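The chain contents come next:
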Amino acid sequence: MNHFPQKVVDSKRAFRRELAAKPIGEKLRILDRMREREATIRRAAAALKTNRTKARE
Amino acid sequence: MSLRDVIVTVNQMEADGVIDRYAIGGAVGATFYLEPIATVDADIFVAFKSEPGKLLITLEPILDYLRSRGCFMKDEYVMIGDWPVQFLAPTSRLVEEALDTAVEIDVEGESARVFRAEHLAAIALQTGRAKDKARLLQFLEQGELDRNRFHEILEHHSLVDAWNRFERQFLKNEQ
C-alpha cells in the first residue's frame, strides 16, 4: 500500500525536472557546493566520534 | 577549485599528451543529463598511454604531471584543487565502448567529454548497486534515454536478462 500522496510525488518529480533542466555550468556549481557540505558533515561526524571515544575512555 | 577547473586540467592533460582520451562517468557524468547527484569524487575514465616495452599500464605519468602542478594523492584519489578525482581504466567492453563514443559537451566555454546517457544507464544496470539502480530509474523517469540505442547496448553487452529483472522489480507498476 502506498501512503505517499500523489501530489507530493508529482511536486518532487517536477522539482527534479527543473533542476535537471538547469545549464550544466550551474549544475556543476551545485555539485561543488554539495561536495563542500558533505565534507563539512563528514568532518563533524568524525570529530563527534572521536569525542565520544574519548569520553568513554 | 571547481569541477569546471578539474575539466580544464584534464583537457590540458589530454592536450599535453599525458592521456590519450578521457571521458567523465559516474555521478558527475550523470549530472550532465539529470539533476545534480551528490558525490564525494569525480570519476574520469582514461585510455592509458602504453609505454614502449611495458606490458602494465601505470598511473605514474598522470600522477607525475599532476604533482608538478600542485596536486597530491589522498587515499585512492588525486586531489585536483578541492575535488578528489579517480582516474580509471575501462574494466569492461561496455566501459571501453562508453569511452570510445563519449560526447563533447560545452561547459561555459570549456569542452567536456562525457559518457552518453545510454552508456551511463547501462553501466548503472551492470554495476547494480542500490544507488546505481536509483540512477537508472532517474534516467528513465526523466526521459533522457534513446530507448533504441539503450536496448542495442543492452543486447550487445549481454545485459538483457539484467534489464528484464530490473523491469520486473521496479517498473511493473509503472506500465
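Structure shown above.
Bear in mind the structure is a predicted one, so any value in this text is a computation, not a measurement.

Asks: Go over the overall build of chain A, please, and point to the residues and values.
Replies: Looking only at helices and strands, chain A features two helices and zero strands. For 57 residues, the compact-globule estimate of 2.2 N^0.38 gives 10 Å, and chain A exceeds it by more than 25% at 19 Å. Taken over the C-alpha atoms alone, chain A extends approximately 50 × 40 × 10 Å along its principal axes. When burial is assessed residue by residue, chain A has 18% of its 57 residues classed as buried. Surface exposure of chain A reaches about 4800 Å², of which carbon and sulfur atoms provide 56%.

Asks: Go over the pattern of salt bridges, please, and point to the residues and values.
Replies: Under the criterion given, the structure shown has 13 salt bridges over all chains. In this structure, the salt-bridge partner of R16 of chain A is E141 of chain B, at a minimum N-O distance of 3.7 Å. On the criterion of chain membership, the pair formed by R16 of chain A in helix α1 (residues 6–20) and E141 of chain B in helix α6 (residues 130–141) is interchain, its members lying in two chains. Measuring nitrogen to oxygen at the nearest pair gives 2.8 Å for the salt bridge that ties E14 of chain B to R113 of chain B. Note that E14 of chain B is positioned in helix α1 (residues 3–15) and R113 of chain B in strand β7 (residues 110–114), a separation of 99 residues in sequence.

Reading guide: rules and limits
Residues numbered from 1 in each chain as written. Chains lettered and ligands numbered in written order. Predicted model: local features only at pLDDT ≥ 70, side-chain atom pairs only at ≥ 80, totals over all residues. Heavy atoms only, no water. Helix = DSSP H or I, 4+ residues; strand = E, 2+ residues; numbered from the N terminus. Rg over C-alpha atoms; globule rule 2.2 N^0.38 Å. Buried < 20%, exposed > 50% of the residue type's maximum accessible area, 1.4 Å probe, protein only. Areas by Shrake-Rupley, 256 points an atom, 1.4 Å probe, with all protein chains shown as cover. Salt bridge = Lys/Arg side-chain N within 4 Å of Asp/Glu carboxyl O.

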